[in-house]
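Working through the structure, step by step
Read off the chains here:
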Amino acid sequence: MRLFISVLFCLIFTSKLYSCDICGCANGFSFMGIMPQSNRSFVGLRYKYFSFNSHPNSVYLKSQETFQQTEFQFRIFPFAKFQLVGNIPYSFHQKSTFDKNFTLSGLSDPSLLGNYNILNTLVGEKNRLINHVLSIGLGLKFPLGKYELNQQNSDEINIPNFQLGTGTWDYFISTSYSLKYKRLGWSTDIQFRQNGINSNQYQFGNRSQISSNLFYQVYLNNGMQIFPMLNYTIENWEKDAENGIVNNESGGQIQWIGFGTEITKSRYGVQVMCQLPTNQNLVLGELEAQPRLNVQVNYLF
């Protein structure tokens, strides 16, 4: 009987508590402005893996949520200083509790970003000692991923953050600045996303992020270039709201330190980045982020 009550409490409590938007961010459009052939279009695939532990100190409430996403990405230049960057993601979500496993898979919400180069010294004069790129962008996320809560079916995950999509039109703004002196470079991206309200009158908290990269350019004899890099990222999640009522058991802040590399040769590029959480306070400490991984392969044209 006590076990039954604990399980019932778990189902009711977690459906309320874990309604923070952990399934993706405007980070999908983070990129380093000064890289080889950064003025060229590309198509590519990116794989993302990230996971969270919920209620880590509870026997019956604790669970692990794992999110895997494969994205088709592209960048095109309709005009000399203007680029369009888009992604179409396909996601696989898994949630493991002490007695059950749940999975969801399918198309997630695609996004499109229009980015304008205010300053770009890579265009024009060649062989500069110092290069700068400064850009600003506006973007839109489309509600094409499935968002469906079915409170009558206990075999489904009826938690907003576990859905394939958010059911909302979201708008975001980003700005990026990059500086490169000889082979040493630094870049910073600042991004903010304004989330809409879906048909269930649920609104995920707005998201903001600052991400900086320090990288070094290494030339090899075969024409290959390697860019080892360090990354530091700060994310802030505002609180969610349902029917206009703020959910105080949501939101939070997290800081990441990342290590990775980018390898390019001719028309091909590969990037790998692993990020570790260094300081976090998510959902009043009841949600713990685990290390996350990004792998991307591009074809430039």
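Above this text is the structure in question.
Figured I'd write up the structure that's included with this text. (Residues numbered from 1 in each chain as written. Predicted model: local features only at pLDDT ≥ 70, side-chain atom pairs only at ≥ 80, totals over all residues. Heavy atoms only, no water.)

1. Examining the overall build of the protein
Secondary structure assignment for the protein yields one helix and 18 strands. Buried positions account for 45% of the 301 residues belonging to the protein. Looking at the protein alone, contacts between residues at least 24 apart form 63% of all its contacts between residues at least 6 apart. If you sum the accessible surface of the protein, you get close to 15100 Å²; carbon and sulfur atoms cover 60% of it. (Helix = DSSP H or I, 4+ residues; strand = E, 2+ residues; numbered from the N terminus. Buried < 20%, exposed > 50% of the residue type's maximum accessible area, 1.4 Å probe, protein only. Contact = heavy atoms within 4.5 Å. Areas by Shrake-Rupley, 256 points an atom, 1.4 Å probe, with all protein chains shown as cover.)

2. Focus: the pattern of salt bridges
On inspection of all chains with the given rule, the structure shows nine salt bridges. Ionic pairing is found between E71 and R46, a salt bridge with its closest N-O pair at 3.2 Å. In this pair, E71 sits in strand β2 (residues 63-79) while R46 sits in strand β1 (residues 42-54), placing the two residues 25 residues apart along the sequence. Both residues of the pair, E71 and R46, count as buried. With its nearest N and O atoms 2.7 Å apart, the salt bridge here joins D109 to K141. Of this pair, D109 sits in the loop between β4 (101-107) and β5 (111-120) while K141 sits in strand β6 (residues 130-141); the two residues are 32 residues apart in sequence, bridging distant segments of the chain. Classification of D109 as buried rests on a relative accessible area of 8%. (Salt bridge = Lys/Arg side-chain N within 4 Å of Asp/Glu carboxyl O.)

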